[in-house]
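# Architecture and fold: a report
Each chain, letter by letter, is given below.
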Amino acid sequence: MKNLKKFFCLASLLSVSVSMQAQQALFNSSQVKSPEIHPDNTVTFRLYAPGANEVTVSGDFLPAQQSVANLTKDENGVWEYTTPEALTPELYMYSFGVDGLRMMDPANVFMNRDVSTVTNIFLIDELGSRAHLYKVNDVPHGTVSRVWYDSSGFKMKRRMSVYTPPGYEDSSESYPVFYLQHGAGGDEEAWLALGRTAQILDNLIAEGKAEPMIVVMSNGNAYQEAAPGETSEGFTKPSMNVSGMNKGEIETYYPEIVNYVDKHYRTKADKAHRAMAGLSMGGFHTLHTSKMYPDLFDYVGLFSAAIFPFEGSENIPVYEDFEGKLKTQFEKNPKLYYIAIGDKDFLYDANKQYREILDKNGYPYVYYESPDGHIWKNWRIYLTEFVPKLFK
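About the cut-offs
- Residues numbered from 1 in each chain as written.
- Predicted model: local features only at pLDDT ≥ 70, side-chain atom pairs only at ≥ 80, totals over all residues.
- Heavy atoms only, no water.
- pLDDT = per-residue confidence, 0-100.
- Contact = heavy atoms within 4.5 Å.
- Salt bridge = Lys/Arg side-chain N within 4 Å of Asp/Glu carboxyl O.
- Helix = DSSP H or I, 4+ residues; strand = E, 2+ residues; numbered from the N terminus.
- Buried < 20%, exposed > 50% of the residue type's maximum accessible area, 1.4 Å probe, protein only.
- Phe/Tyr/Trp six-rings, centres within 6.5 Å; stacked < 30°, edge-to-face > 60°.
- Pairing = 2+ DSSP bridges.
- Axes fitted to C-alpha atoms, helices over the stretch in contact; angles between N-to-C directions.

## Details of the confidence of the model for the protein
Within the protein, residue pLDDT values average 91, and 91% of them lie at 70 or more. Segment residues 7–11 is flagged for pLDDT under 50; beyond a separation of four residues in sequence, or across chains, it makes zero contacts in the model. Note on residues 13–27: pLDDT under 50 across the span, and one contact to partners over four residues away in sequence or across chains.

See the structure below:
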């Protein structure tokens, strides 16, 4: 009995010791400020990891030729790295590496999910900069709703995110509608979280640079009800390889979404007051939907778009007679056909080839080329450039 009491006493002491160490680690970690944005726009990253041998930070704030930066440890077990130069205003993503293991910054609760990768984020803001549009500013705000609709084409309920402009609920006005599509691996949450759509629309409308509009962000993955974790399938792992993205079904059934929105919202339900745009796969869907239904959208935006049908897409009506459908679309004189891509994008050559087709036929379009590649930094830029051109 005496030995048993001694055992429980030791176990209790050990438990208290471990608990205290864990609480101390948590306390020390919470006291670390990271990232710290300095007045000159240099940024310091810190991580409390006294037992680590190596700590690195990676992110899109680093020069293109540099994949990671090494942190140095002080006498208190805090690792630290400060950018050697000021960062330009932008929304940045980063994560730590601790002895080869990728981890989030425990001092920063702000994160985004891009497909199946989670990263910390921070914003370098400057009044008058493009990044200022990504910030929640002291302006009237719109409303974002998650809406379920019945899809007769897919034979299921599907979800989309809908932004209504400031004052929508208290007015009787009707509004134009902008349909905005995500890329492969994304979902109806992507443009809101990664693209900062609600903040951009709020700020552009407040500045008088954009017309008040409804923005519809539907799920562009065939046979997927909604974003992973928001469906009857439970917490499924997000994937880039979603079946059916190039089978023509998203494009074929797209009028279901338009009809639902026109029925349930106060819309200006005609071609002149509808726009559609998308990034990457969403640009592919936008291109082919808009030429399949040339009387549906007067404004078309292709952001780093996949252009030509993929292998295995043969004999699908949506993709047949590519140039014939394009001819019909441009004969109906869309008000804006907009193409934007980064000069290092892996789809750059396909976009160049597509523009050669448009040029050969004399089809008018607006072209915007930016630095960098297939990244959200570019897609936010394209959104801020495209939206002010709509419904003028």
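Next comes the rest of the account.
## Here we look at the pattern of salt bridges
Any two side chains of opposite charge can pair, on the condition that their charged atoms come close. Counted by the stated rule, this structure contains 19 salt bridges. The salt bridge partner of Arg159 is Glu188, with a shortest N-O separation of 2.8 Å. Separated by 29 residues along the polypeptide, Arg159 in strand β12 (residues 156–164) and Glu188 in the loop between β13 (177–181) and α2 (190–193) bring together distant segments of the chain. Using a relative accessible area of 0% as the deciding quantity, one classes Glu188 as buried. With a closest N to O distance of 3.7 Å, Lys360 and Glu323 form a salt bridge. Of the two residues, Lys360 sits in helix α8 (residues 348–361) while Glu323 sits in helix α7 (residues 322–331), which places them 37 residues apart along the sequence. Under the relative-accessibility criterion, Lys360 is labelled exposed at 59%. Looking at Glu323, the relative accessible area reads 36%, which means it is partly exposed. Look at the salt bridges and you will find they share partners, linking Arg146, Arg159, Glu188, Glu189 and Glu230 into a network.

## A look at the packing of aromatic side chains
Taken as a whole and assessed by the stated rule, the structure comprises 30 aromatic pairs. Between the aromatic rings of Tyr149 and Tyr260, the centroid separation amounts to 6.1 Å while the plane-to-plane angle is 50°, which identifies the pairing as tilted. Linking Tyr149 in strand β11 (residues 143–151) with Tyr260 in helix α5 (residues 254–264), this pair joins segments that are 111 residues apart in sequence. The pair formed by Tyr149 and Tyr260 is uniform in burial state, with each residue classed as buried. Each ring, one from Phe303 and one from Phe386, has its centre 5.6 Å from the other, and the planes form 80°; the classification is edge-to-face.

## What about the environment of Thr72?
By secondary structure assignment, the location of Thr72 is in strand β5 (residues 72–73). Between the alpha carbons of Thr72 and Arg46 there is a distance of 9.3 Å; along the sequence they are 26 residues apart. Excluding anything up to four places from it in sequence, Thr72 contacts Val78, Trp79 and Glu80.

## Re the sheet that holds strand β16 (residues 299–303)
Read across the open sheet, the eight strands follow the order β11-β12-β14-β13-β15-β16-β17-β18; overall the sheet is mixed. Of all the strands in the sheet, the pair left with one neighbour each is β11 and β18 (366–370). Along the sheet, successive strands turn relative to each other by an average axial angle of 20°, direction set aside. In this structure, β11 lies alongside β12, joined through nine bridges in antiparallel fashion. If you follow Tyr149 over to β12, its bridge partner there is Arg158.

## A few points about the sheet that holds strand β2 (residues 43–48)
Strands in a sheet are paired, the pairing made by backbone hydrogen bonds, and the direction either parallel or antiparallel. If you walk across this open sheet you meet the four strands as β1-β2-β6-β5, and the pairing is antiparallel. One side of each edge strand has no neighbouring strand; the edge strands of this open sheet are β1 (36–37) and β5. Where β5 lies against strand β6 (residues 78–82), two bridges are found, and the strand directions are antiparallel. For Thr72, the partnering residue across the bridge sits in β6 and is Glu80.

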